[in-house]
Structure formats: C-alpha cells, structure tokens
Amino acid sequence: MNALINAIKHRKDVALANDARLLKKSFFGLLILALAFQPGEFGNIIRQSMTDAYLQVSVFVGFTLFVFIGLDSLTKFDIKTFLFKTKKFHVPIASFLGALPGCGGAIIVVTQYIQGRIGFGSLVAVLTATMGDAAFLILAIEPQTGLFIFLLGIFVGIISGYAVDLIHGTKFLMQNFQDNLISESLKKTFVSKFNIFWLIIFLPGFVLGILIAFQINIDNLFPFMSFVSIIGSSGAILSIFMWSLNPLSDFQCSTDKSRGLLSRVIDTTNFVSTWVICGFLVFEIFMFFTSIDLKYFFDIWLPFIPIIAILFGFLPGCGPQVVVATFYLNGFIPLSAEIGNAISNDGDALFPAIALAPKAALIATLYSALPAIVFAYGYMIIFE
C-alpha cells in the first residue's frame with residue numbers, strides 16, 4: 001500500500017515539475033518572439049540577429065547532429081562503445097572536433113561530456129581548440145591563416161586537455177547527469193508535428209549558411225525579395241517555438257535513444273539554437289543601447305591588444321569573435337591578437353555547457369586563458 005502511495009506521489013511530483021518547466025520555457029520563448037516583432041530599428045536589429053544566429057550557427061549544428069546522431073541511430077556504430085574503447089584518445093578527438101569550423105563538433109563533445117562519457121580534460125580541449133564561426137571568415141579571406149589557426153587549435157587543445165587531466169585526474173568534475181523528470185519514454189511530442197516544416201526551412205537554410213560563411217552575397221541573386229531574411233527569420237522563430245513547447249528537457253532531447261533520428265536532431269538543434277539566439281540578442285541589444293564602438297577597445301598600446309582580444313574570447317557565442325576576426329582582416333589588430341582570441345573563445349558550444357553544467361563550463365573557460373596568453377604573446381615576441 002505504501003509503495004502504491006509513493007508511486008502516485010512520485011508521478012504527481014513528476015507532472016508538477018514537467019508543467020513548471022514547460023511554463024518557464026513557454027514564457028522564455030514568448031519573450032524572445034515578442035522582441036522579434038518590435039517595430040523600428042530595434043526590431044530590425046532583433047530580427048537580423050535571429051537570422052544571423054540561424055544561418056551562421058543553427059544550420060551547421062543541425063548538419064553535424066544529423067551526421068553523428070545518424071551514425072548512432074542508423075548504423076551499428078555505437079558512440080558510447082567507441083568512446084569506451086578510445087579513452088586514451090578522447091583529448092585529441094575532442095580537439096579535432098572543436099577545431100572544425102563552426103560549433104557543431106564542439107557541441108557534440110559537450111553533449112558527450114554532459115552524459116559522463118568523456119572527462120573534463122576533453123571538455124577543456126574542445127573549448128580551447130574551437131574558433132567557432134569566425135573560422136569560416138578567416139578561411140574565406142585568408143585560407144592559409146585559417147589553416148594555421150586550425151592546426152594550432154588542435155595542438156593547443158591537446159596540450160591543454162592532457163595537462164588538465166594530469167593535474168586533476170580524469171574524474172575531475174565528471175558528470176553523471178540524470179534526468180528523471182519524465183519517467184516514461186516519449187517517442188513523439190506535440191512539436192514533432194512541425195518536423196516537416198522544420199526540414200523545409202533547414203535544407204535551403206543550410207545551403208545559404210555555407211554561401212554566407214564564404215562571404216557570397218545571396219541577396220544579389222534574389223533582388224525581388226530578401227530570401228536570406230525570410231529563411232533565417234522563419235527558421236529561428238520556428239526553432240524557438242518548437243523548443244518552448246517541447247515537454248522534454250534539453251538533456252533528453254539528444255540522449256533519449258528510444259526516439260527517432262529526426263526528432264532527436266531537431267529537438268537538440270532547437271535547444272542549441274534558442275540559447276545561441278539569446279547570446280546574439282544579448283550582444284546586439286547591449287551594443288544598441290550603449291552605442292559602443294568596439295574598435296575603441298583596440299586603439300591602445302600594442303602590447304595590450306592581445307589581452308583585450310583574449311578577454312573578448314571569454315564572451316559566450318560567436319558574435320564578438322566574428323567582430324575580432326573582422327578587425328584582424330581589416331588590419332586593425334595583429335595576428336597575435338587573433339590567435340589569442342581564437343584560443344580563448346569557446347564559440348556557441350559554451351551555451352549548452354552553461355545550461356547543463358555551468359560550473360564545469362566556467363572553469364573550462366578560465367583554463368583556456370593561460371594557453372591563449374602564452375601563444376598570443378609568444379607569437380608577438382617571435383614574429384611581430
């Protein structure tokens with residue numbers, strides 16, 4: 001009798017917790033969407049930020065998730081088994097995935113860390129190696145510099161990851177995330193009905209994202225309408241809408257293997273997209289209300305420029321890092337500053353890390369400062 005009463009009480013607690021979480025997500029999503037429909041210059045900035053976030057980040061995250069979750073779902077390849085057999089190589093694997101242009105590879109590593117499959121050293125390695133979306137900009141305009149930073153990111157990531165494991169051990173801040181709020185498996189949710197619309201927007205969005213990453217002006221091909229704005233804003237709004245009404249937790253979106261490939265990819269992408277959009281919005285709203293000229297921060301004595309770029313790298317998201325890369329490409333800052341920023345910045349992978357493991361995310365970010373300072377100033381002293 002007591003067992004039955006406890007079971008009923010547990011289910012009631014689960015239902016209340018789920019309702020509270022869904023209410024918070026719905027309110028948060030509604031707030032973001034309300035900002036998108038504001039009139040005037042402020043509204044234009046919000047909509048442009050959402051478009052940029054979707055086409056510069058979300059589509060690449062979605063593509064990467066299709067690859068990795070697809071391998072996990074449609075083939076005999078088992079990520080859990082693979083990681084178990086390759087424990088000695090987690091750090092270099094994480095570094096390589098983090099160094100790939102964009103943030104998709106880094107987000108995959110963060111997801112595996114949250115599930116306790118890789119150690120803290122691997123998390124430090126991936127966040128140190130990643131350059132985020134700024135890599136596309138560098139590769140498009142200065143491919144040799146982009147390749148140099150890519151290889152440097154892998155090298156520094158490996159050193160940093162192994163150093164952290166050597167100092168703290170492989171079990172330091174090891175995650176064992178358990179989400180028991182929804183006890184029963186949900187193979188389909190209400191938002192799954194919108195999966196087909198999500199795909200219809202995602203496919204052209206991914207193509208546009210590639211073209212935009214390599215600085216190709218798409219609007220010149222569609223002079224009668226802003227095709228980029230339509231796809232970008234629609235994708236961003238739909239992602240936020242689906243995330244805010246999803247009864248699953250953000251952790252369950254990618255880890256519940258009982259669900260289909262498409263739903264796992266879409267739900268996880270929506271989760272990351274929402275937080276990335278928030279990052280873009282915070283940055284752009286701050287710039288709108290303060291009218292700060294970021295170039296002002298770099299108009300200082302040359303030896304201080306790399307440290308300023310490194311501090312910019314601590315800002316979550318790729319927006320500030322793209323600004324720093326733009327300053328480098330326009331000759332406002334030296335390559336040493338760009339190197340420091342590339343090493344210290346964590347890209348958009350930091351958002352899911354902050355959402356699900358804030359302590360680990362903060363400490364890992366701080367750990368990236370030391371190699372950023374060493375290699376930035378080392379390059380400045382030797383070559384500049």
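This section reports on the structure supplied with the text. (Residues numbered from 1 in each chain as written. Predicted model: local features only at pLDDT ≥ 70, side-chain atom pairs only at ≥ 80, totals over all residues. Heavy atoms only, no water.)

1. Quick look at the packing of helix 5 (residues 104-114) against helix 6 (residues 120-129)
(1) Moving on: At a minimum axis separation of 10 Å, helix 5 and helix 6 run at an interaxial angle of 165 degrees. Comparing their axes, helix 6 and helix 5 come out roughly antiparallel. Classified by chirality, the crossing of helix 6 by helix 5 is left-handed. Of the residues in helix 6, those touching helix 5 at A106, V109, V110 and Y113 are F120, S122, L123 and V126.
(2) Moving on: Looking at side-chain class alone, the contact of helix 5 with helix 6 contains seven nonpolar, one polar and no charged residues. (Axes fitted to C-alpha atoms, helices over the stretch in contact; angles between N-to-C directions. Helix = DSSP H or I, 4+ residues; strand = E, 2+ residues; numbered from the N terminus. Parallel < 35°, antiparallel > 145°, perpendicular 65-115°, else oblique. Left-handed = near helix turned anticlockwise from the far one by under 90°. Contact = heavy atoms within 4.5 Å. Nonpolar A, V, L, I, M, F, W, Y, C, P; charged D, E, K, R; others polar.)

2. What about the nonpolar core?
(1) Moving on: If you look at the biggest cluster of nonpolar residues, it comprises 73 residues, and the most contacted ones within it are M50, Y113, F120, L123 and I277.
(2) Moving on: Examining the composition of this core, we find that twelve residues originate from one element, helix 2 (residues 40-74), more than from any other.
(3) Moving on: Membership of the second largest hydrophobic core comes to 29 residues, among which are A134, I138, I310 and A325. (Core = buried A, V, L, I, M, F, W, Y, C linked by side-chain atoms within 4.5 Å. Buried < 20%, exposed > 50% of the residue type's maximum accessible area, 1.4 Å probe, protein only.)

3. Focus on the packing of aromatic side chains
Any aromatic ring pair is given by two values, namely how distant the centres are and how the planes are angled relative to each other.
(1) Moving on: With the rule as written, the count across this model stands at 18 aromatic pairs.
(2) Moving on: Their ring planes at 80 degrees and their centres at 5.3 Å tell us that F120 and F172 sit as a pair that is edge-to-face. Residue F120 is found in helix 6, and its partner F172 is found in the loop between helix 8 (143-168) and helix 9 (195-213); the two are separated by 52 residues along the sequence.
(3) Moving on: Taking the relative accessible area as the measure of exposure, F120 reaches 0% and is therefore buried.
(4) Moving on: Between the aromatic rings of F155 and F375, the centroid separation amounts to 6.2 Å while the plane-to-plane angle is 85 degrees, which identifies the pairing as edge-to-face. Here F375 lies in helix 19 (residues 369-383) and F155 lies in helix 8, a separation of 220 residues in the sequence.
(5) Moving on: With a relative accessible area of 46%, F155 lands in the partly exposed category.
(6) Moving on: Accessibility expressed as a relative area gives 25% for F375, which makes it partly exposed. (Phe/Tyr/Trp six-rings, centres within 6.5 Å; stacked < 30°, edge-to-face > 60°.)

4. Considering helix 10 (residues 227-244)
(1) Moving on: Spanning 18 residues, helix 10 covers 26 Å between terminal C-alpha atoms, matching the ideal 26 Å at 1.5 Å per step.
(2) Moving on: For helix 10, the full list of buried residues reads F227, V228, I231, G232, G235, A236, L238, S239, I240, M242, W243 and S244. (Expected span 1.5 Å × (residues − 1).)

5. Points about the packing of helix 4 (residues 90-99) against helix 6
(1) Moving on: Interhelical geometry of helix 4 versus helix 6 gives an angle of 25 degrees and a closest axis separation of 7 Å. By the angle class used here, helix 4 and helix 6 are roughly parallel. In this structure, the crossing between helix 4 and helix 6 has a hand that is right-handed. Here helix 4 contributes H90, V91, A94, S95, G98 and A99 to the contact with helix 6, which in turn contributes G121, S122, A125, V126 and A129.
(2) Moving on: Among the residues making up the contact of helix 4 with helix 6, the classes are represented as six nonpolar, five polar and no charged.

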